[in-house]
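Here is how the chains run, residue by residue.
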Amino acid sequence: MTSTIVWFRDDLRLADNPALRAALDSDEPVIGLYVLDEESPGIRPLGGAARWWLHHSLASLGERLRERGSTLVLRRGAAERVVSEMVRDAGATAVFWNRRYGGPEREIDTRIKTGLRDDGIEAQSFSGSLLHEPWEVKTGGGTHFSVFTPFWRACLALPAPRAPLPEPREIPGPGRAPASDALDEWGLLPTKPDWAEGLRETWEPGEPAARQRLREFLADDLGSYDRARDEPSAGATSLLSPRLRWGEISPYTVWHEAVEAGGGGRFLSELGWREFAWHTLFHFPDLAEKNLRREFDAFPWPRLKPSHLHAWERGRTGIPLVDAGMRELWHTGYMHNRVRMVTASFLIKNLLVDWRRGEEWFWDTLVDADAANNPFNWQWVAGSGADAAPYFRIFNPELQAKKFDPKSRYIDEWVPQDERVEPIVDLAESRKAALEAYEHVKRAPRG
Ligand code: FAD
């Protein structure tokens, strides 16, 4: 008996899944595969919060595949080896997947595709995670974009994103499924200690909850999004970022349903920033390590003060809005966008800590941490990135709190009065030191 494998990666869903659709069209039994690849060179190990999310999202996907007649096989190891073993074990004649856009992932996928085809196995990839392929959006001169507004204008001038594919009701599986690891064996959940209580209280990973969240957001919050999206206590944003990160819902579904709900351009343009971050990563695979604007290599980062970094991580800097954000992050695996900008700016420009240290902490603690959005946004705040905030725009966290949390609701929720500590730095002095350090960048040749 032959079969077709759908290799799930950052697309843990059944609806609007082009690879799954193609497998169903092949009229062969369909087997789902997920590979936990912590071995292939260049693959960045998942952070702790991401591993927690992945565990639960895979559990949900496996159940949904089973309910419809198929199965999800879990295997661990270097993807190149595992996929070819799976093809052999399943007697597969085809492997389908939705594309990934990180540098090492692309290299792996290309090698796998070539290897499979050499062996006479059909291998096809599809577009499922981005509205526009990064290479399709081009400047008049045929190159990539480095500024958001013309990038987004170019995206909007392309044919509209295709309509989402319906969710299959039945997914015929094989008579006997190839052996699978048990999800629990992968140890994705924290045990000693189990720090995931706040995550459990906050989230329900999986496609059904993602769909429900989209419906709720469109019905209740889309109308006030433009006005209230910057207020961390307003609950006005979609909270779809981990859903999009793990592909529990596709950007096509979000796009079309938001447009149908009368969705404002502002919300759609946030999806555009996500596209822009991936466009940037596609063209600069080293985004998490290297300054995009190379003149920032001249920035004289002082020697790291571990106590400062630690205070920031744990929400004990004495700056209430910063501490509130860092505590929200630690507890829920999420932080509101405005507060992400403020906490990142504080680390980089008041504590003078290299943006890469902050990016690493977010990578480990965010449930939505992804290879493009996280480093892209850190570089945006640092001033070294694409279409970035100018370095000298240093957020004043006290003024930000007055403006966006005027009744102190957000701060009070996360930092009780009796836990407030003295500021570890003086905001005005540290701002001055940052601007002095920036003089080195101004003098460096532009890269
Ligand atoms: P909404 O306001 O409802 O926006 C809808 C969707 O648009 C989001 O789900 C997200 O996919 C996308 N989006 C919104 N803002 C941005 C943005 N600035 N850049 C790229 N995409 C955006 N977002 C991540 O998804 N993963 C990350 O690892 C990540 N790291 C960040 C680090 C820093 C320092 C900063 C300043 C921002 C980061 N963001 C990241 C962007 C943004 O903060 C989150 O996407 C947003 O807060 C998610 O909440 P939401 O889904 O309610 O957003």
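Residues numbered from 1 in each chain as written. Predicted model: local features only at pLDDT ≥ 70, side-chain atom pairs only at ≥ 80, totals over all residues. Heavy atoms only, no water.

### As for the layout of surface pockets
Each pocket or cavity is described by its volume, and for the largest pocket that value is around 1,000 Å³. Considering the residues around the largest pocket, the lining is formed by 37 residues, among which Arg229, Glu270, Trp273, Asn337 and Asn377 are closest to the centre. For the lining of the largest pocket, the elements supplying multiple residues, two or more each, are α9 (241-246), α11 (265-283), α14 (337-350) and α16 (373-382). The element best represented in the lining of the largest pocket is α16, accounting for seven residues. When the residues that make up the lining of the largest pocket are grouped by side-chain class, the tally is 18 nonpolar, eight polar and eleven charged. Domain assignment of the residues forming the lining of the largest pocket places at least three in each of domain 2 (130-163 + 208-283) and domain 3 (294-443). Taken as a whole, the second largest pocket encloses approximately 810 Å³ of empty space. What lines the second largest pocket is a set of 40 residues, among which Asp10, Ile43, Arg44, Glu105 and Ala371 lie closest to the centre. For the lining of the second largest pocket, the secondary-structure elements that each account for two or more residues are β1 (3-8), β2 (30-36), α4 (103-118), α9 and α11. When the residues that make up the lining of the second largest pocket are grouped by side-chain class, the tally is 22 nonpolar, four polar and 14 charged. (1 Å grid on protein atoms, 1.4 Å probe; cavity = no way out; pocket = protein on both sides within 12 Å on 5 of 7 lines; lining within 4 Å. Points joined across faces, edges and corners; volume = space filled by probe spheres on them. Helix = DSSP H or I, 4+ residues; strand = E, 2+ residues; numbered from the N terminus. Nonpolar A, V, L, I, M, F, W, Y, C, P; charged D, E, K, R; others polar. Domains from an automatic or database assignment.)

### Remarks on the site of the ligand
As a structural note, the neighbourhood of the ligand is formed by 27 residues, with Tyr225, Thr237, Ser238, Leu239 and Asn337 the closest of them. A distance of 3.0 Å separates an oxygen atom of the ligand from a polar backbone atom of Leu240. The contact in question runs from an oxygen atom of the ligand to an N or O atom on the side chain of Asn337, over 2.7 Å. Relative to its free-state accessible area of 820 Å², the ligand is covered by the protein chains to the extent of 97%. More than half of the atoms belonging to the ligand lie within 2 Å of the grid points that define the largest pocket. Counting residues per element, the ones that place at least two in the shell around the ligand are α9, α11, α14 and α16. In terms of residue count, α11 provides more of the shell around the ligand than any other element does, five residues in total. Both of domain 2 (130-163 + 208-283) and domain 3 (294-443) provide at least three residues apiece to the shell around the ligand. (Near = heavy atom within 4 Å. Polar contact = N/O pair within 3.5 Å; in protein donor to acceptor, adjacent residues only side chain to side chain. Areas by Shrake-Rupley, 256 points an atom, 1.4 Å probe, with all protein chains shown as cover. Sits in = over half its atoms within 2 Å of the grid points.)

### Quick notes on the sheet that holds strand β5 (residues 122-126)
Sheet architecture is open: five strands sit in the order β3-β2-β1-β4-β5, paired in parallel fashion. Two strands lie at the open edges of the sheet, namely β3 (72-76) and β5, each paired on one side alone. Each neighbouring strand pair of the sheet contributes to a mean axis angle of 25°, computed without reference to strand direction. Bridge analysis of β1 against β2 gives five bridges, and the strand direction is parallel. In the strand pairing of β2, Trp7 is matched with Leu33. In the packing of helix α2 (residues 48-67) onto the sheet, contacts are made with β1, β2 and β3, and the angle to β3 comes to roughly 145°. (Pairing = 2+ DSSP bridges. Axes fitted to C-alpha atoms, helices over the stretch in contact; angles between N-to-C directions. Contact = heavy atoms within 4.5 Å.)

### Things to note about the nonpolar core
Within the largest apolar cluster, 37 residues are counted, with the highest numbers of intra-cluster contacts made by Trp312, Met326, Phe346, Phe362 and Trp378. Contributions of two or more residues to this core are made by α12 (306-314), α13 (320-332), α14, α15 (355-365), α16 and α18 (409-414). If one sorts the elements of this core by residue count, α14 sits on top with seven residues. Contacts of Trp312, omitting those with residues within four sequence positions, involve Thr317, Val322, Met326, Thr343, Phe346, Leu347, Leu351, Gly358, Trp361, Phe362 and Trp378. (Core = buried A, V, L, I, M, F, W, Y, C linked by side-chain atoms within 4.5 Å. Buried < 20%, exposed > 50% of the residue type's maximum accessible area, 1.4 Å probe, protein only.)

### Regarding the domain arrangement of the chain
When cut into domains, the chain gives domain 1 (3-128), domain 2 (130-163 + 208-283) and domain 3 (294-443). With centres defined by C-alpha atoms, the gap from domain 2 to domain 3 works out at 25 Å. Opposite the 22 residues of domain 2 that make contact, domain 3 presents 21 residues. Carbon and sulfur atoms supply 63% of the area buried between domain 2 and domain 3, which totals about 1,800 Å² over both sides. (Buried area = accessible area lost by both parts, 1.4 Å probe.)

### Regarding the pairing of β1
Judged by how many residues are buried, β1 sits mostly within the fold: six of six residues are covered. Pairing between β1 and strand β4 (residues 92-98): four bridges, direction parallel. Across the sheet, residue Ile5 finds its bridge partner in β4, namely Val95.

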